[in-house]
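Descriptive structure summary
Below, each chain spelled out in residue letters.
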6 protein chains.
Amino acid sequence: MKTVYITRRETFNAAHKLYREDWSDEKNLEVFGKCSNKNWHGHNFAIYVTVKGVPNPETGFVINLKDLSDIINDEVIEPLDHKNLNLDVLFLKGIMASTENIAVQVWDRIKTPIEKAGGVLSKIKLVETENNFVEYYGGE
Amino acid sequence: MKTVYITRRETFNAAHKLYREDWSDEKNLEVFGKCSNKNWHGHNFAIYVTVKGVPNPETGFVINLKDLSDIINDEVIEPLDHKNLNLDVLFLKGIMASTENIAVQVWDRIKTPIEKAGGVLSKIKLVETENNFVEYYGGE
Amino acid sequence: MKTVYITRRETFNAAHKLYREDWSDEKNLEVFGKCSNKNWHGHNFAIYVTVKGVPNPETGFVINLKDLSDIINDEVIEPLDHKNLNLDVLFLKGIMASTENIAVQVWDRIKTPIEKAGGVLSKIKLVETENNFVEYYGGE
Amino acid sequence: MKTVYITRRETFNAAHKLYREDWSDEKNLEVFGKCSNKNWHGHNFAIYVTVKGVPNPETGFVINLKDLSDIINDEVIEPLDHKNLNLDVLFLKGIMASTENIAVQVWDRIKTPIEKAGGVLSKIKLVETENNFVEYYGGE
Amino acid sequence: MKTVYITRRETFNAAHKLYREDWSDEKNLEVFGKCSNKNWHGHNFAIYVTVKGVPNPETGFVINLKDLSDIINDEVIEPLDHKNLNLDVLFLKGIMASTENIAVQVWDRIKTPIEKAGGVLSKIKLVETENNFVEYYGGE
Amino acid sequence: MKTVYITRRETFNAAHKLYREDWSDEKNLEVFGKCSNKNWHGHNFAIYVTVKGVPNPETGFVINLKDLSDIINDEVIEPLDHKNLNLDVLFLKGIMASTENIAVQVWDRIKTPIEKAGGVLSKIKLVETENNFVEYYGGE
């Protein structure tokens, strides 16, 4: 029984800001720096979703990448692409739109659909810039 | 007299939208697609500025890259990074914030400072995503 | 009148070989090296299509990237993606499937559709590997 | 005793298809999509081989990268580069040429040679496109 | 309690050689190959520092990337950038300047400052070329 | 007669410094910044050599990439890779080792060999870092 990990990348472009209404502008600037700009800024995000499993003897697939891509597009790209992460996204409402928090929320959205497609979600990598990214393994 | 072209890359992250107030939402959506989202979206932009000239016999430099980097940072990165290109940028006011138009405006801002530093601006390349970029040579 | 150049990247994965039936295997190997393997090899190709024009004053667009992307997908990606460039592609029949020749043929296919969409085709860049690519400007 | 992980990348270009002779064309298309094209397609593959170990006190090396590169070239690049993965490769005969299965087979080929060179194989990453890759840690 | 891993990339350009004074030139060449050139060679290094932790409920941050970037710049980039790794760097004196050894030394320098900033150092990835990199997890 | 441009990338890793012996250390630091470090620094250089021509009707080649690669390796990579550009390279002796100057010297070395192989040298692009590169078209 040979476990293999397969990863699919998808991309989305979105606006966000890091800003707490219950803090003064000064404190927001001190903690969040330029990311606290009230009028938003944005990024080209890339998300890498890793699924683990034993390759199916007939197909050689851990999961059909068509299915994995469909799940990511339905659950992540469609709701986030060309959106404002603070304003437009139901599952991010009331949550500080840090890369860390987005990754955690995405995990919760795609875990079950991936299981229904026969895979086990292993990791999410969310890349904000060429210099910054987060990885999430379900919290362990 | 050997002309060489030297290029410096700098990056900025910004929000924008493509939306005309004098058009209906339907027409905005039809023409600008997802880029017309009222609540903005954003990108990691990369700007490549190319300067041409004959290398200085003493330094081997067409232009000192420290000077070129300073000009790009003062004139482009400082005003655009972590900003909303439609709302926050004086030199883009009243201009549709397409990649094409931003490149043209940036050219006009940095041409003279580069000449004062002894170089000749040859090209601006403005990259919006891994799939889209524009190049501008001063309009010729 | 400010001419700007805008580029769209699309990708396709294809098999091909460089092999002349009218040559011996030895000569094929001598000229084409490993690329002459009778059973094919393949690449992840990336095509960059550059269109030039003056940005439309209302939209800021040289050409609507949606239109440009549709043209490239209809004329290039659909016929070439996951295909055998020697066997499966009508417009490459009887042509040595070198990167140079593919770029020339692609130019002839997309020039008129781009003109109908209001742009002027300026350049095709066809990338075969991270180490090899060709550029074509219409033959000039 | 400080364990460090060192990785070497090598690349190869190959053709393959995902197609079962014991299935109808319709079922092949349904499961494998465009990858089932009978006339093959291809990719620029990149393989990353990770070896773990304690750096040798005299050389600072976990493994000499020259040795690691030689092993990968002898065992992987030579048999796979510019080849048809379904037809030309002895150690892939009778195996569905999915990225998952190739990674597993490569592991079995290079594990012992790496041990003879004094290292311990830790991971293989096989990249098929910028959007798809697999990782294999020996099956655990 | 959801552990997330966040990574910051920084870069530096440095010269080094792999050469033991207590070995003959022949043995140095045999073991270290071209890297033993007495007059040095160099690289564009990229360092990725990964910190793990539970996102702060107020900020959504595992660690403030400004703090992480400052630590890497103070402890790694400042002492290594545009330096000779064999001659100019106090904390590498007497150590073979292999990528493996540099990664281990960097770990020891930044572990405590990262803890003081509220994070836990999880991994260092040090990239020497597009084909070679090492990863270090503290020795486990 | 369709002119196509074909480009081959090769890489080398080298040490250099920007320093004039006839200047004080202060002036060297003022003009060349960190690049004036007496003990050298280094880079992963990438060189892109572009050759133009009409594809051969029999082969579809502007130039055989095997020949182009051999020329670049013999004339550029062999003398520069894992070398000190100020000390070890005959054709750079007495020349400030700026990227601009290296590109000009490389042009003069490979122009004739490329012509003998049936091509016309069109451009050299020499990349020093992800942020800095020069292009040279023979001086025009």
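Throughout what follows, the structure given in this document is the object of discussion. (Residues numbered from 1 in each chain as written. Chains lettered and ligands numbered in written order. Predicted model: local features only at pLDDT ≥ 70, side-chain atom pairs only at ≥ 80, totals over all residues. Heavy atoms only, no water.)

1. Overview of unusual backbone geometry
Of note, B:His82 is a non-glycine position whose phi angle comes to about 55°, a positive value. Here B:His82 is to be found in the loop between helix H2 (65-80) and strand E3 (83-84). (Helix = DSSP H or I, 4+ residues; strand = E, 2+ residues; numbered from the N terminus.)

2. As for the pairing of strand E2 (residues 41-53) of chain B
All names here are of chain B. Counted residue by residue, E2 has twelve buried out of 13 residues, so it is predominantly covered. Both strand E1 (residues 4-16) and E2 contribute to a ladder of 13 bridges, which runs antiparallel. By the bridge assignment, His16 is partnered in E2 with His41. The sheet contact formed by E2 and strand E4 (residues 120-129) spans seven bridges and is antiparallel. For Thr50, the partnering residue across the bridge sits in E4 and is Lys123. (Buried < 20%, exposed > 50% of the residue type's maximum accessible area, 1.4 Å probe, protein only. Pairing = 2+ DSSP bridges.)

3. Concerning the interface of chain A and chain B
Residue-level contacts link 23 residues of chain A with 23 residues of chain B. Roughly 1800 Å² of surface becomes buried between chain A and chain B when both sides are summed, with 43% attributable to carbon and sulfur atoms. Applying the counting rule to chain A against chain B returns four salt bridges. Residues A:Lys34 and B:Asp81 are paired through a salt bridge, measuring 2.5 Å at the closest nitrogen-oxygen approach. Counting the contacts that link chain A with chain B gives 19 residue pairs in polar contact (both at pLDDT 80 or more). Elements supplying a minimum of two residues to the side of chain A that touches chain B: strand E1 (4-16), strand E2 (41-53), strand E3 (83-84) and strand E4 (120-129) of chain A. For the side of chain A that touches chain B, the element with the most residues is E1(A), which contributes five residues. The residue inventory of the side of chain A that touches chain B, partitioned by class, reads five nonpolar, eleven polar and seven charged. (Contact = heavy atoms within 4.5 Å. Buried area = accessible area lost by both parts, 1.4 Å probe. Salt bridge = Lys/Arg side-chain N within 4 Å of Asp/Glu carboxyl O. Polar contact = N/O pair within 3.5 Å; in protein donor to acceptor, adjacent residues only side chain to side chain. Nonpolar A, V, L, I, M, F, W, Y, C, P; charged D, E, K, R; others polar.)

4. Structural notes on the pattern of salt bridges
Summed over all chains, the structure comprises 60 salt bridges over all chains. Where F:Glu130 meets B:Arg9, a salt bridge forms, and the shortest distance between an N and an O atom there is 3.6 Å. Highlighted residues: F:Glu130 in the loop between strand E4 (120-129) and strand E5 (132-136) and B:Arg9 in strand E1, drawn from two different chains. Overall, B:Arg9 belongs to the buried group, its relative accessible area being 9%.

5. Looking at the interface of chain B and chain F
Contacts between the two partners involve 21 residues from chain B, matched on the other side by 21 residues from chain F. Interface area, chain B with chain F, both sides summed: about 1800 Å², of which 49% is carbon and sulfur. For the chain B face of the interface with chain F, the top three residues by lost area are B:Tyr5, B:Arg9 and B:Glu58, together amounting to 29%. Linking chain B to chain F there are ten residue pairs in polar contact (both at pLDDT 80 or more).

6. Thoughts on the side chain of F:Asn132
One can find F:Asn132 in strand E5. In contact with F:Asn132, other than residues within four places in its own chain, are B:Thr7, B:Arg8, B:Leu65 and F:Val127.

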